[in-house]
Amino acid sequence: VDTYGQVYVSDTLNHRVQRWAPNNVTAPRTVAGGNGRGRGLNQLNLPRGIFVDAVSGDVFVVDTGNHRVVRWSLGAPEAVVVVGEYGKILDAQGNVVGSEPFCCRAGRGQGEVM
């Protein structure tokens, strides 16, 4: 649930993330994925975890089947890989700042990966 009361759900078997507005619970909006199962930047493969940035509204998704974490900006046609693509770790500007052969979990500090 974000600061506006919108509810986000990993629709895992449909490979997408859905958002329900508090005043429209019958018509969810797809905010990540929704283009079938796959490895493309416009696709997800068994999404599970979600984090919504309260400031930017970006949706971070644990894309389990692709062993990565991706960031979807509001209205973006595709995601940006944050952690996991070929072991790259990226900073907020998209620069490679390290590598990790396995998917990691984000820590509590700015840019911190554990």
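Model, not experiment: these values are computed from the prediction.

Okay, the environment of Gly65 next. By the element assignment, Gly65 lies in the loop between β5 (59–63) and β6 (68–72). On the basis of relative accessibility, which here comes to 27%, the residue Gly65 falls in the partly exposed class. In the structure, Gly65 is positioned 26 residues away from Arg39 in sequence and 8.7 Å away in space, judged by C-alpha atoms. Discounting chain neighbours no more than four positions away, the residues touching Gly65 are Asn45 and Leu46.

This part is about a nonpolar patch on the surface. On the surface, a cluster of nonpolar side chains totalling about 260 Å² of accessible area is made up of Val1, Val7 and Val9. Position of Val7 relative to the elements: it lies in strand β1 (residues 7–11). For Val7, a relative accessible area of 36% translates into the label partly exposed.

Let us now look at the nonpolar core. Among the nonpolar cores identified, the biggest contains eleven residues, and these are Tyr8, Val17, Val31, Ala32, Leu44, Val59, Val61, Val70, Trp72, Ala79 and Val81. Setting aside anything within four residues of it in sequence, one finds Tyr8 in contact with Asp2, Val17, Gln18, Arg19, Val31, Ile50, Val52 and Val59.

Relative to the helices and strands, His15 resides in the loop between β1 and β2 (16–21). Contact partners of His15, with chain neighbours within four places excluded, come to Gly33, Gly34, Gly36, Arg37, Leu44, Asn45, Leu46 and Pro47.

On to the side chain of Arg68, then. Residue placement: Arg68 occurs in strand β6. Residue class for Arg68 comes out buried when judged on its relative accessible area of 7%. A polar side-chain atom of Arg68 sits 3.2 Å from the main-chain carbonyl oxygen of Gln43.

Taken together, three strands build an open sheet; the order of strands is β1-β2-β3 and the sheet is antiparallel. Of all strands in the sheet, those bounded by a partner on one side alone are β1 and β3 (24–33). Recorded for the sheet is a direction-independent mean angle of 30 degrees between the axes of neighbouring strands. Pairing of β2 with β3 involves five bridges; the strand directions are antiparallel. Paired with Arg16 across the two strands is Gly33, which belongs to β3.

Right, let's talk about the environment of Gly5 for a bit. In this structure, Gly5 sits in the segment before β1. Classification of Gly5 as partly exposed rests on a relative accessible area of 31%. Measuring from C-alpha to C-alpha, the distance between Gly5 and Asn23 comes to 9.4 Å, with 18 residues separating the pair along the chain. Not counting residues within four places of it along the chain, the set of residues in contact with Gly5 comprises Trp20 and Pro22.

Calculation rules
- Residues numbered from 1 in each chain as written.
- Predicted model: local features only at pLDDT ≥ 70, side-chain atom pairs only at ≥ 80, totals over all residues.
- Heavy atoms only, no water.
- Helix = DSSP H or I, 4+ residues; strand = E, 2+ residues; numbered from the N terminus.
- Buried < 20%, exposed > 50% of the residue type's maximum accessible area, 1.4 Å probe, protein only.
- Contact = heavy atoms within 4.5 Å.
- Patch = residues over 30% accessible without salt bridge, like charges linked within 9 Å, V, L, I, M, F, W, Y side chains within 5 Å.
- Areas by Shrake-Rupley, 256 points an atom, 1.4 Å probe, with all protein chains shown as cover.
- Salt bridge = Lys/Arg side-chain N within 4 Å of Asp/Glu carboxyl O.
- Core = buried A, V, L, I, M, F, W, Y, C linked by side-chain atoms within 4.5 Å.
- Polar contact = N/O pair within 3.5 Å; in protein donor to acceptor, adjacent residues only side chain to side chain.
- Pairing = 2+ DSSP bridges.
- Axes fitted to C-alpha atoms, helices over the stretch in contact; angles between N-to-C directions.

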